[in-house]
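Single-letter residue listing:
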Amino acid sequence: MSVAELKERLVGTQVWKSVFRHRYIDSNRNRALTVFSNVFLHIHPVKIPEKNLRFWHTMCLGGLSFGLFLVLLVTGVLLMFYYRPAVPQAYRDMKELEFVISSGAFLRNLHRWAAHAMVVAVFLHMARVFYSGAYRPPREFNWVVGVVLLVLTLLLSYTGYLLPWDQLAYWAITVGTNMAEAAPLIGPKFKFLLLGGNIIGENALVRFYVLHCVVLPLAAAALLAVHFWRVRKDGGVRPL
Amino acid sequence: MSDSNSPMRRMPLLFCLASAALLVVYAVAPMRDYFREWRRFQKDYNRLADEKLRQNMPVRPGPIGIRQIWIRELDVVDRCVTCHLGVENRFLRGAPQPFGFHPVTPHNTRDIGCTICHRGQGAATTVHGAHGRLKWWEDPMLPGRYLQASCGQCHKGSEVPEAWLLNDGRTLIQAAGCIGCHKIPGYERRDPIGPVLDGIGSKVRGLWLFRWLKDPKSYLERTFMPNFQLSDEQARLLTAFLLAQKFAAVEVSETTDHSLADQGQIRYREARCISCHAQGGRGGTFGPDLGKVGGKVRFGWLESWLRNPKALFPRTRMPQFSFPDKDIRAVVAYMASEFADPSIDGREDEQLVRSLPPATRENLAAGRKLYQRLGCGGCHRLKGVEEPVELGPDLAGIGNKDVDRLDFGNLPVDRNLWSWLFTKIQTPRAFGKTLKMPDFHFSEEQGREIVVALLSLTDKRFPARYLASEQQAGPFRPQGEFGRLMAKYECLSCHRIQREGGKIAPDLSIIGSQAKPQWIASYFRLPYSLRPILTERMPLLGMSGQEIQTAVGYFQTVLLDDSIPQQLFPRDRPEAQEIARGKELYFNRYGCQACHQVNVAGGYVGPALDGVGSRLFSGYIFAYLKNPQRFKPAVPEPNYNLNDSDAAALAAYLVSLPPAKGTEGR
């Protein structure tokens, strides 16, 4: 049996066809079908005019932000294997990562630097959109989504700050929650809600952990999907 | 692509470079992670172990891997043993670090780990990180000279025989009156630390007081009164205020009858004042040095004092001597002539007193205010001035205070806790001119001891079973007649009874089982030294016959150890053959004559043993010979592990010894 035959047979199986619904026929229709029928590919348009790809339109800042988000997702999940959000253990687990766990320090440093870089990238991305006027209709909704994503990025960064449970963490959260407290009317209640009490203790650590690892990433992921979808729907990144 | 200058054109190149860089990172990071310092140390150790094995020493190489001591109860994870691999192997005594053997201590590393004592970062596996000399690690390793501080974390109240610096430091803190101003856990302020100042104006001369306030050490080198660095004006104000505090009952006289001096000298000697009071640095250190006391006190006061010290200062440790009035005047006359202070001149004194601010109400109020502001009341008590609040900071937790919370000013001092404490104690106002702490002029050694004691005051908490518990015996406070007697003669100033009292004279807790009543009575009447090489110290108190009877009776009924029989032999008379066997053992088997004298022959490390049978009970001699350290932990007498029959024979020989010639009357 030749390789060509084998390939033909494989591609003809029910299993193959149930996953890949289109063959490699290089036609416009088939290309479009391939993209549309794939959850990952369909974020991209089927066709992009070449002038849309100019570097200075975007400076790749949105893509960089998303790339960093993926890095953070992967390293964050790995870190979750080692980290326990409890008061005597949290700080010790930092030390274990630093001194004992294989590549623990590398992992943690990757997460930390990627987090800093993501804040910078997202901010620059917003600045680029602002200065190139890309918030104008029909992209006004996506601008709003983007702003929410920026806030989510900052919140992710902020909630992650407490998790090492060192002095820097403690005081950063002290300052942050005191600022929240200064908000009129709901300030004190909001601070109480955020900390799960009046002081930064075990409850605060668990809340920040859940926000950091579950609530905020899910929200960000959902809004990212919306954000990318709207980029396509609003005509890509070309100047209006 | 249309635009040839677009960075998009260079994208593939950039992508290639970035990928290559990423690859390098992914290669280097795990390598760095793998080749850590500790791996190199373990390899070196295994090489050393191989070498030692070749020399037939039981030092085994081990597998490469992180080692740790984990004690859940103490929350200790100490990985120090990852590199310090030889701590438990005495064949590695003196091996190059980090492989050296840990000196033997009362505690095992397996039980308490490393960082409980040494501090540092137990979780770390790098040299720099573990030793804790990092910017943000709050608990760096203690230098060896302060290490004894760690004992004090669990041994909170009790003395630690192995930590002499800690013990001395604690004693110093108590003696120097740090608790006058600071709240310090474990120290209680019961009695005033310094003298009570009521009536001070009747006691001392103005010039002396002025100079004392300016610089106490210039008069008495070993005083704990600190130097407050007063200006002349402040010192004058305070002198005037204190001189105004007079005793109504004391005659302010500065004259004395010098013709009585010779007779006074005899009384002074007989009473063995020098046992407690030095003269120009020579003599006892228990009371103040009297070398220049003639320039300090007024003689009228001295007379009242010698008559009954407790009437002037109820808490004094000075015993009351039962001198007749004539003798008291004689002693004062002797002291006035013998202990004159040439630097205190009567005219100068008058001049100074005239220059003091007049004792108006305003001036006295100002003086009182200064007295309070300086915190004199922390150590002294003065009627009419309310008890002070603690002026200084609470020292709880000072032992591991964050270095970032200390103000170093701009002094070139190492930025660590112990350097700060040491500097603070040596020069209390070094970190700022407005600081209030006075200068104690501690020696460098004293400073280090105090730092050790302070560093033991950490806020770390340990489970109860790790804390050294002290047997809580109530303080020894005899009541009734004997209690009054003991207070009058201040026995516990020097002697110790049941953990209470001084340490400079023998412990009397079981004196009733040790010494025979007749001998004790004769000793009270005329004390002498039991050891030829020691100075005579027990003062001749002049006790009445009734008082002696009371004391001896109390000894024989209360201060006993029931496990010691009084009489070892029937009617306290051993048989002749037993005595002979004992003599043989004494001279030939055990060589007791090397240290003890019998009939003026033998060594003089221990006391002479002539007539020891009339002094001590045979039962006590027996028990003492069996285990001398049971009664006197530090005694040089060797413990020969005698069996009962040898000990009894020796006791028999000893009680048979007649008193030395010429001392039968004692």
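Residues numbered from 1 in each chain as written. Chains lettered and ligands numbered in written order. Predicted model: local features only at pLDDT ≥ 70, side-chain atom pairs only at ≥ 80, totals over all residues.

Asker: Could you give an account of the overall build of chain A, with specific residues and numbers?
Answerer: Counting secondary structure elements, chain A contains 11 helices and 0 strands. Helices and strands in chain A line up, N terminus first, as α-α-α-α-α-α-α-α-α-α-α. What you see for chain A is a C-alpha radius of gyration of 23 Å, clearly larger than the 18 Å of a compact globule of 240 residues, by over 25%. Look at the contacts in chain A between residues 6 or more apart in sequence, and 65% of them connect residues 24 or more apart. (Helix = DSSP H or I, 4+ residues; strand = E, 2+ residues; numbered from the N terminus. Rg over C-alpha atoms; globule rule 2.2 N^0.38 Å. Contact = placed C-beta atoms within 7 Å.)

Asker: Can you explain the pairing of strand E4 (residues 282-285) of chain B? Please cite residues and give values.
Answerer: All names here are of chain B. Summarising the sheet, strand E3 (residues 277-279) and E4 pair through 2 bridges and their orientation is antiparallel. Each bridged residue has a counterpart across the sheet, and for His277 the counterpart in E4 is Thr285. Counting the residues between successive antiparallel strands, the hairpin from E3 to E4 contains 2 residues, one of them, Gly280, with a positive phi of roughly 60 degrees. (Pairing = 2+ DSSP bridges.)

Asker: Lay out the confidence of the model for chain B in plain terms, naming residues and giving numbers.
Answerer: Residue and element names in this part refer to chain B. Mean pLDDT over chain B works out to 85, with 94% of the residues at or above the 70 mark. Across chain B, element-level confidence peaks in helix H19 (residues 444-455) with a mean pLDDT of 96 and bottoms out in E4 with 76. Listed scores for the predicted complex are pTM 0.75 and ipTM 0.80. (pLDDT = per-residue confidence, 0-100.)

Asker: Would you mind going over the packing of helix H18 (residues 417-426) of chain B against H19 of chain B in detail, with residue names and values included?
Answerer: Residue and element names in this part refer to chain B. Taken N-terminus to C-terminus, the directions of H18 and H19 make an angle of 130 degrees; their axes are 9 Å apart at the nearest point. Relative to H19, H18 is oriented oblique. Both H18 and H19 take part in a crossing whose hand is right-handed. Each of Trp418, Leu421, Phe422, Ile425 and Gln426 in H18 lies in contact with H19, whose residues at this interface are Gly447, Arg448, Ile450, Val451, Leu454 and Leu455. A class-by-class count of the residues in the contact of H18 with H19 yields 8 nonpolar, 2 polar and 1 charged. (Axes fitted to C-alpha atoms, helices over the stretch in contact; angles between N-to-C directions. Parallel < 35°, antiparallel > 145°, perpendicular 65-115°, else oblique. Left-handed = near helix turned anticlockwise from the far one by under 90°. Nonpolar A, V, L, I, M, F, W, Y, C, P; charged D, E, K, R; others polar.)

Asker: Could you give an account of the nonpolar core, naming the residues involved and the relevant values?
Answerer: All names here are of chain B. Ranked by internal contacts, the top residues of the largest apolar core, which has 43 residues, are Leu209, Leu238, Leu242, Leu302, Val331, Val332 and Met335. For this core, the secondary structure elements donating two or more residues are helix H9 (206-214), helix H11 (232-243), helix H13 (299-307) and helix H15 (325-338). Looking at this core element by element, the count peaks at 8 residues for H15. Beyond its immediate stretch of four places on either side in the chain, Val332 contacts Thr256, Gly264, Phe299, Leu302, Glu303 and Leu306. Formed by 41 residues, the second largest nonpolar core is a distinct cluster that contains Met486, Tyr489, Ile579 and Ala647. (Core = buried A, V, L, I, M, F, W, Y, C linked by C-beta atoms within 7 Å. Buried ≥ 20, exposed ≤ 12 C-beta atoms within 10 Å, placed from the backbone.)

Asker: Give me the domain arrangement of chain A: which residues, what numbers.
Answerer: Domain annotation for chain A reports domain 1 (3-43) and domain 2 (51-233). Spacing between the C-alpha centres of domain 1 of chain A and domain 2 of chain A amounts to 38 Å. (Domains from an automatic or database assignment.)

Asker: Account for helix H5 (residues 61-80) of chain A, with residues named and values stated.
Answerer: All names here are of chain A. Taking 1.5 Å per residue, 20 residues should reach 28 Å; H5 reaches 28 Å between its end C-alpha atoms and fits that length. Within H5, the full set of buried residues consists of Gly62, Ser65, Leu68, Phe69, Leu72, Thr75, Gly76 and Leu79. Each buried residue of H5 lies within a common arc of 155 degrees when the element is viewed along its axis, so the set occupies one face. Of the exposed residues in H5, the ones pointing more than 90 degrees away from its buried face are Gly63, Leu70 and Val77. Packing partners of the buried residues in H5 comprise helix H4 (55-58), helix H7 (104-131) and helix H11 (202-233). (Expected span 1.5 Å × (residues − 1). Arc of directions from axis to C-beta.)

Asker: If you had to explain the domain arrangement of chain B to someone new, which residues and values would you point to?
Answerer: Under the domain assignment used here, chain B contains domain 1 (42-141), domain 2 (164-183 + 391-466), domain 3 (200-365), domain 4 (480-557) and domain 5 (570-655). Once you take the C-alpha centre of each, domain 4 of chain B and domain 5 of chain B turn out to be 23 Å apart.

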